[in-house]
Amino acid sequence: MSAPRRLVMLSAACGVGKSTIKNALNELNLLPDFACIDSDEVRLNWWNYKGTPREKDYTRDCLARAFELAGDKHLLFGTCNDPISFFDRVPLPDDVIVTYVSMTCSDDEVRRRLLARPPERMCGEESFILSQIAYNGWIRSHPHLYALQVDNTSQTVEETAHLIADFILRP
């Protein structure tokens, strides 16, 4: 029997820094046995699923594609998904061990980061910003669902990346 495959779900609202941290983990080579991938890289568009009978398949399809991209490595997957809906929607093989890590930041910081994104990201509308602030608050208020919760409001990207990598690599 082969060793279990690790899946670390890096969960956060839009604007909290999942892609930024994923990039830092890769650039600093902090998790050499992991493919660090986020939902943007799988090239599946949420809007092609939303409001269709396939809406609940989006997470499963994204994760399947991320595992393909990861090859034989363990996977750190940056996603907006929370542990409750994840386990309801995604069947996993018995040899996959899942750890959920979350990131949060202040509501003002979520707003600032979303407004700084280019218009094609469609993140500047007030209703979208408020939905992400609300989700960020939900994550903050449910720390018991995560093995680690990091507030990166006043941390550098490198500090956050090291904190997450050290946690993942801890025996």
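The rules we used
- Residues numbered from 1 in each chain as written.
- Predicted model: local features only at pLDDT ≥ 70, side-chain atom pairs only at ≥ 80, totals over all residues.
- Heavy atoms only, no water.
- 1 Å grid on protein atoms, 1.4 Å probe; cavity = no way out; pocket = protein on both sides within 12 Å on 5 of 7 lines; lining within 4 Å.
- Points joined across faces, edges and corners; volume = space filled by probe spheres on them.
- Nonpolar A, V, L, I, M, F, W, Y, C, P; charged D, E, K, R; others polar.
- Buried < 20%, exposed > 50% of the residue type's maximum accessible area, 1.4 Å probe, protein only.
- Helix = DSSP H or I, 4+ residues; strand = E, 2+ residues; numbered from the N terminus.
- Pairing = 2+ DSSP bridges.
- Axes fitted to C-alpha atoms, helices over the stretch in contact; angles between N-to-C directions.
- Parallel < 35°, antiparallel > 145°, perpendicular 65-115°, else oblique.
- Left-handed = near helix turned anticlockwise from the far one by under 90°.
- Contact = heavy atoms within 4.5 Å.

Concerning the layout of surface pockets
Where empty space is left becomes clear once a probe the size of a water molecule has been rolled over the atoms. Approximately 1500 Å³ is the volume found for the largest pocket. As for the largest pocket, its lining consists of 44 residues, and the residues nearest its centre are Cys14, Ser39, Asp40, Cys80 and Phe128. Taken together, the residues of the lining of the largest pocket sort by class into 15 nonpolar, 17 polar and 12 charged.

Some remarks on the pairing of strand S1 (residues 5–11)
Burial of S1 is extensive: 5 of the 7 residues sit out of reach of the surface. One ladder, built from 7 bridges, connects S1 with strand S4 (residues 96–104); its direction is parallel. The partner of leucine 10 across the bridge, within S4, is valine 101. Two elements, S1 and strand S3 (residues 74–79), share 5 bridges in a ladder whose sense is parallel. If you follow methionine 9 over to S3, its bridge partner there is phenylalanine 77.

Details of the packing of helix H4 (residues 107–116) against helix H5 (residues 126–140)
Two elements in contact, H4 and H5, have axes separated by 10 Å at closest approach and are oriented at 140°. Classed by the angle they form, the pair H4 and H5 counts as oblique. The element H4 and its partner H5 pack so that their crossing is right-handed. Residues Asp107, Val110, Arg111, Leu114 and Leu115 of H4 form the contact with H5, whose own contacting residues are Glu126, Phe128, Ile129, Leu130, Gln132, Ile133, Asn136 and Arg140.

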